[in-house]
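Below are the chains, spelled out letter by letter.
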Amino acid sequence: MTETINLSAKIEEKLPAELVDFMRQAGEAATARGQKLYLVGGVVRDLLLGRANLDLDLVLEGDAISLAEQLAGTGGRRLKTHPRFGTAKVQWQRWSVDLTTARSETYDKPGALPKVKPGSLADDLFRRDFTINAMAVELAPGSYGHLIDPYRGLDDLGSKLVRILHPVSFIDDSTRIWRGLRYEQRLDFHLEADTLRLLKRDVPMLDTISGDRLRHELEMVLREERPEKVLRRAGELGVLSQLYPGLTGDDWLAEKYADARTAGSSSVEVYLALLAYRLTGEETEGLISRLRLPNPLARTLRETVSLKARLPLLADAKIAPSRIYRLLEGNSLPAITASLLAADSAVARQHIRLYLDRLRYVRPTLTGRDLQQMGIAPGPRMKEILERLHEARLDGKVTSKKGEEEMVRGWIF
């Protein structure tokens, strides 16, 4: 049903004028075509909650690509289209708006990607994950701003509830389990009682989802402002262990994530390395395989395992700077950062910071050309001398170009 609520004033208040103008123009263009255009999904939810959200999704009961082509023809706008899915993205300056043909979905089997076909707004809202994301706002000039709320999402917003639309929602697409936890924790809501019961029942259905899709959902969690909240809840409900046994969303992880944010290191790579930190090497390989991690992420996890084994060496108070350098050099910054955050030893942490702050930037002043001028031919001997100079620089045994020259002369004469 259509609620007697108009969001036009809230739209004007919460969204930038450029986006508001685009929506009005788009609504007028759609109406001129005899079609209906709507603002849908998360942005409607966040407008009602007074939260910032500039990810505009517009749904058209008609050909969205054709409308997008018309809208992109003015104001220096760029257009990207995906005809297979009936979607388009209009971009200009720093703004971006997605336009989609209203569609319905059917699932051949649990976990399969849905089959889609053009449909009505009602069809499009029914395929959504939760009631709070199944609302729309009319953009036609005569009814601009009117809220459409067929599943009482507004009531659930008021009650701070995350509710699925139908009993087989998690069976059709169990990635909704992860999305439900994200919304629950991000908004400080609660899973509605039946939704929670069905989620617990359907956790095993996560095994029907491909590794690529599971990785995407986990990355979305790790991009949340406080991902540890989602991971803790996922741990409580058995969702995290279903993703991979041995993963834990506990106080230790929450502390390390908070430290990462304080250090300005709250990237997906660092968060993932910390999440996997307490796994064994074999378990880490299992997680890499389970999530089909791309090479950069897989490398970070493998290097973190390797560095964890080196921490006792780095905890030696008498270790030389050159040795610190050799233990850490060649590893990715996320892996080194995760090791710094996870290390129990204050001495090891001090040595890793020394590497990050200074040692990784240390280089000899003399170059291969300089050594040639001193009579040293290119080859293994020159390489060895440059390595020894680098080590001397790291350990503070030489501090100037002149000192390096004298050191080299002492080696070769």
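Residues numbered from 1 in each chain as written. Predicted model: local features only at pLDDT ≥ 70, side-chain atom pairs only at ≥ 80, totals over all residues. Heavy atoms only, no water.

Moving on, we get to the packing of helix α10 (residues 211–222) against helix α14 (residues 268–275). Relative placement of two packed helices is described by the angle separating their axes and the distance separating the axes. Running from N to C, α10 and α14 cross one another at 105°; their axes reach a closest spacing of 9 Å. Relative to α14, the element α10 is oriented roughly perpendicular. Contacts from L218, E219 and L222 of α10 reach α14 at V268, Y271, L272 and L275. Of the residues belonging to the contact of α10 with α14, the class tally is six nonpolar, no polar and one charged. (Axes fitted to C-alpha atoms, helices over the stretch in contact; angles between N-to-C directions. Helix = DSSP H or I, 4+ residues; strand = E, 2+ residues; numbered from the N terminus. Parallel < 35°, antiparallel > 145°, perpendicular 65-115°, else oblique. Contact = heavy atoms within 4.5 Å. Nonpolar A, V, L, I, M, F, W, Y, C, P; charged D, E, K, R; others polar.)

Here the focus is the nonpolar core. Residues L39, L58, L99, W178, L231 and V239 are the most contacted members of the largest nonpolar core, which totals 109 residues. Once you skip the residues sitting within four places of it in the chain, V239 turns out to touch I177, W178, L181, L199, V203, L206 and A234. Core analysis: the second largest hydrophobic core is formed by nine residues, L371, I376, I385 and V408 among them. (Core = buried A, V, L, I, M, F, W, Y, C linked by side-chain atoms within 4.5 Å. Buried < 20%, exposed > 50% of the residue type's maximum accessible area, 1.4 Å probe, protein only.)

This part is about the pairing of strand β5 (residues 87–92). A large share of β5 lies buried, amounting to five of its six residues. Sheet topology places strand β4 (residues 78–82) next to β5; five bridges connect them, and they run antiparallel. Looking across to β5, one finds that R78 is bridged to Q91. Turn length for the β4-β5 hairpin, with the two strands adjacent in sequence and antiparallel, is four residues, and the turn residue G86 shows positive phi of about 65°. (Pairing = 2+ DSSP bridges.)

Under the definition given, this model contains 31 salt bridges. Residue D173 pairs with R213 through a salt bridge whose shortest N-O separation is 3.0 Å. Taken together, the positions of D173 in the loop between α7 (169–172) and α8 (175–187) and R213 in helix α10 put the pair 40 residues apart, joining distant regions of the chain. Both residues of the pair, D173 and R213, belong to the buried class. Here E285 makes a salt bridge to R302, at a shortest N to O gap of 2.7 Å. (Salt bridge = Lys/Arg side-chain N within 4 Å of Asp/Glu carboxyl O.)

To continue, consider unusual backbone geometry. Not every positive phi belongs to a glycine, and Q93 is a case in point at roughly 50°. Judged by relative accessible area, Q93 falls into the exposed class, the value being 68%. With phi around 60°, D188 is a residue other than glycine that occupies positive phi space. Positionally, D188 belongs in the loop between α8 and β12 (190–191). Assessed through its relative accessible area of 53%, D188 is described here as exposed.

Quick look at the environment of H351 now. Within the secondary structure, H351 sits in helix α19 (residues 346–357). For H351, a relative accessible area of 8% gives the class buried. The spatial distance from the C-alpha of H351 to the C-alpha of L389 is 21 Å, given a sequence separation of 38 residues. H351 has contacts with L314, D316, A317, I319 and I324, leaving out every residue within four places of it along the chain.

With that settled, the discussion passes to the side chain of T300. Tracing the backbone through its elements, the reader meets T300 in helix α16 (residues 295–314). Using a relative accessible area of 3% as the deciding quantity, one classes T300 as buried. Not counting chain neighbours up to four residues away, the residues in contact with T300 comprise E269, A273, S332, P334 and A335.

With that settled, consider empty space enclosed by the protein. Across all of its chains, the model carries one cavity of 30 Å³ or more by this definition. Its volume calculated, the largest cavity comes out at about 40 Å³. Around the largest cavity, the lining residues are A273, A276, Y277, T284, L301, T304, V305 and K308. The greatest single-element share of the lining of the largest cavity, amounting to four residues, is contributed by α16. Taken together, the residues of the lining of the largest cavity break down into five nonpolar, two polar and one charged. (1 Å grid on protein atoms, 1.4 Å probe; cavity = no way out; pocket = protein on both sides within 12 Å on 5 of 7 lines; lining within 4 Å. Points joined across faces, edges and corners; volume = space filled by probe spheres on them.)

We now examine the pairing of strand β6 (residues 95–101). With five of its seven residues buried, β6 lies for the most part within the structure. As judged from the five bridges shared by strand β3 (residues 56–60) and β6, these two strands associate in the parallel manner. Note that in β6 the partner of V59 across the bridge is T100. Where β5 and β6 come together, six bridges link them in antiparallel fashion. The residue of β6 that forms the bridge with K89 is D98. In this structure, the hairpin formed by β5 and β6 is closed by a connection of two residues, where Q93 is found at a positive phi of approximately 50°.

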